[in-house]
Amino acid sequence: MKFTVFGGHGFIGSALCDHLRRQGHEVFVPARDATDAIDRELGHVIYAIGLTADFRTRPFDTVNAHVCLLVRLLRTTLFDSWLYLSSTRVYAGQATEPACEDAPLTVVPDADGIYNLSKLTGEAVCLTQISRPVRVARLANVYGSGQTKETFLGSLLDDMMHGRELLIREAPTSSKDYVALEDVCWLLERIALGGNHRIYNVASGVQVGHAEFARVLAEKSSRIITFSDGVPHRSMPRIDIARITSEFGFCPRQLSDELEHLIAHSLSRHTRIKHP
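Just so you know, these numbers come straight off a predicted model, no measurement behind them.

Undergrad: Describe the overall build of the protein, with residues and values.
TA: In terms of helices and strands, the protein carries eight helices and 11 strands. For 276 residues, the compact-globule estimate of 2.2 N^0.38 gives 19 Å, and the protein sits close to it at 19 Å. With respect to the principal axes defined by its C-alpha atoms, the protein has extents near 55 × 50 × 40 Å. Counting across all 276 residues of the protein, residues that qualify as buried make up 49%.

This is the structure we're talking about:
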């Protein structure tokens, strides 16, 4: 099959491209500044362009990446299918659990909400394409080798590599759903090629509390993990993964089983950079 990955040089996008090539697919990765000149059939498109940690300080870029560029490409390109990568962050504020794909959502239009609002606008644009196979994948917190320090886990691993204090600036009662990068790539390929639904949660379905996360990280790394005083509690509702488990037979990896490998990989990578 032929795939086109917009955002194919990022953490998720680059791993996805590697995965697709290993499966024997042809993969086209357009340069970010060359999207105006695309005049070829794109095959199965995965739209992985987006902003994460810096969306609060770059609102215009956030909306452009999640909505404006998406709209232009949807209108002007030829493709067999389209998969838009959204986020389970859109469930923030939902009171009921588990958070399923068809649940009504509440969004606050402030600096934090601009991420969710722009992702949901991108989703809405995709879902208006009734006559074409356009789908949405809502990703939880993706972890894996090579993740950037802009992510929660990535920032802690970066601090560990450089011998800095391991400090968590959210309450110990906070929690997140962590999904392995390998699982994400495996699922996105299958959703793109023939998902039966239009929206999919791509998550592990397990909320890992910060206190438990810190305990396992300390155990695996032999480092002390501390929490800042007076920091906020931030937790998402548990994510419903019934759709991907029933349709694809998905069995997620668990972060607690992967942490030791991630720590070893980060430390070895730091050693290679320090001593080329």
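From this point on, the discussion continues.
Undergrad: Please set out the side chain of Ser81 residue by residue, giving values where relevant.
TA: Among the structural elements, Ser81 can be located in strand β4 (residues 81–87). Judged by relative accessible area, Ser81 falls into the buried class, the value being 3%. In this structure the side chain of Ser81 is engaged in a polar contact, spanning 2.7 Å, whose partner is the side chain of His44. Among residues more than four places away in sequence, those in contact with Ser81 are Gly43, His44, Val45, Pro133, Arg135 and Ala192.

Undergrad: Tell me what's going on with the packing of helix α1 (residues 11–22) against helix α5 (residues 181–194), and back it up with residues and numbers.
TA: Following both chains from N to C, one finds α1 and α5 inclined at 65 degrees, their axes separated by 9 Å at the closest point. Judged by the sense of rotation from one axis to the other, the crossing of α1 with α5 is right-handed. Two secondary-structure elements touch here, α1 through Phe11, Ile12, Ala15, Leu16, His19 and Leu20 and α5 through Leu181, Val184, Cys185, Trp186, Leu188 and Glu189. Split by residue class, the contact of α1 with α5 holds 10 nonpolar, one polar and one charged.

Undergrad: Just give me the short version of the pattern of salt bridges, but keep the residues and values in it.
TA: All chains considered together, the criterion is met by 12 salt bridges. A network of salt bridges, in which partner residues are shared, links Asp54, Arg58 and Asp61.

Undergrad: Summarise the packing of aromatic side chains; cite the residues concerned and give the values.
TA: Overall, the coordinates contain 10 aromatic pairs when judged by the stated rule. Judged by centre distance (5.5 Å) and plane angle (45 degrees), the rings of Phe152 and Phe213 are tilted. Highlighted residues: Phe152 in helix α4 (residues 152–161) and Phe213 in helix α6 (residues 210–221), separated in sequence by 61 residues. Ring centres of Tyr178 and Phe213 lie 5.9 Å apart, and the angle between their planes is 10 degrees; this geometry places the pair in the stacked category. With Tyr178 in strand β8 (residues 175–180) and Phe213 in helix α6, the pair connects residues that are 35 residues apart, well separated along the chain. For the pair Tyr178 and Phe213, one class covers both residues: buried. Taken together, the aromatic side chains of Phe6, Tyr47, Phe79, Trp82 and Tyr84 make up a single cluster linked through ring pairs. Cation over ring: Arg40 sits above Phe28, and NZ or CZ is 3.9 Å from the ring centre. In this arrangement the basic side chain of Lys176 is found over the ring face of Phe152, its NZ or CZ atom lying 5.3 Å from the centre.

Undergrad: Explain the sheet that holds strand β10 (residues 207–209) to me, using residue names and the numbers behind them.
TA: The strand order β6-β8-β10 describes an open sheet built from three strands, whose pairing is mixed. Strand pairing shows two members of the sheet lacking a second neighbour, β6 (141–143) and β10, which therefore form its edges. Ignoring which end each strand starts from, the neighbouring axes of this sheet average 50 degrees apart. Bridge analysis of β6 against β8 gives three bridges, and the strand direction is parallel. Of the residues in β8, the one forming a bridge with Tyr143 is Ala180. Against the sheet, α6 touches β8 and β10, its axis set at about 70 degrees to β10.

Undergrad: For the pairing of β8, give the residues involved together with the corresponding values.
TA: Where burial is concerned, most of β8 is hidden: six out of the six residues are buried. What you see with β8 is no split at all: Ser175, Asp177 and Val179 on one side and Lys176, Tyr178 and Ala180 on the other are buried throughout. In this sheet, β10 lies alongside β8 in antiparallel orientation, the contact comprising three bridges. Considered in β10, the bridge of Ser175 is made with Gly209.

Undergrad: Would you mind going over the environment of Val45 in detail, with residue names and values included?
TA: Tracing the backbone through its elements, the reader meets Val45 in strand β3 (residues 44–47). Between the C-alpha atom of Val45 and that of Phe79, which follows or precedes it by 34 residues, the distance is 6.8 Å. The contact partners of Val45, leaving out residues within four places of it in the chain, are Thr4, Phe6, Phe79, Ser81, Trp82 and Leu83.

Conventions we followed
Residues numbered from 1 in each chain as written. Predicted model: local features only at pLDDT ≥ 70, side-chain atom pairs only at ≥ 80, totals over all residues. Heavy atoms only, no water. Helix = DSSP H or I, 4+ residues; strand = E, 2+ residues; numbered from the N terminus. Rg over C-alpha atoms; globule rule 2.2 N^0.38 Å. Buried < 20%, exposed > 50% of the residue type's maximum accessible area, 1.4 Å probe, protein only. Polar contact = N/O pair within 3.5 Å; in protein donor to acceptor, adjacent residues only side chain to side chain. Contact = heavy atoms within 4.5 Å. Axes fitted to C-alpha atoms, helices over the stretch in contact; angles between N-to-C directions. Left-handed = near helix turned anticlockwise from the far one by under 90°. Nonpolar A, V, L, I, M, F, W, Y, C, P; charged D, E, K, R; others polar. Salt bridge = Lys/Arg side-chain N within 4 Å of Asp/Glu carboxyl O. Phe/Tyr/Trp six-rings, centres within 6.5 Å; stacked < 30°, edge-to-face > 60°. Lys NZ or Arg CZ within 6 Å of the ring centre and 35° of its normal. Pairing = 2+ DSSP bridges.

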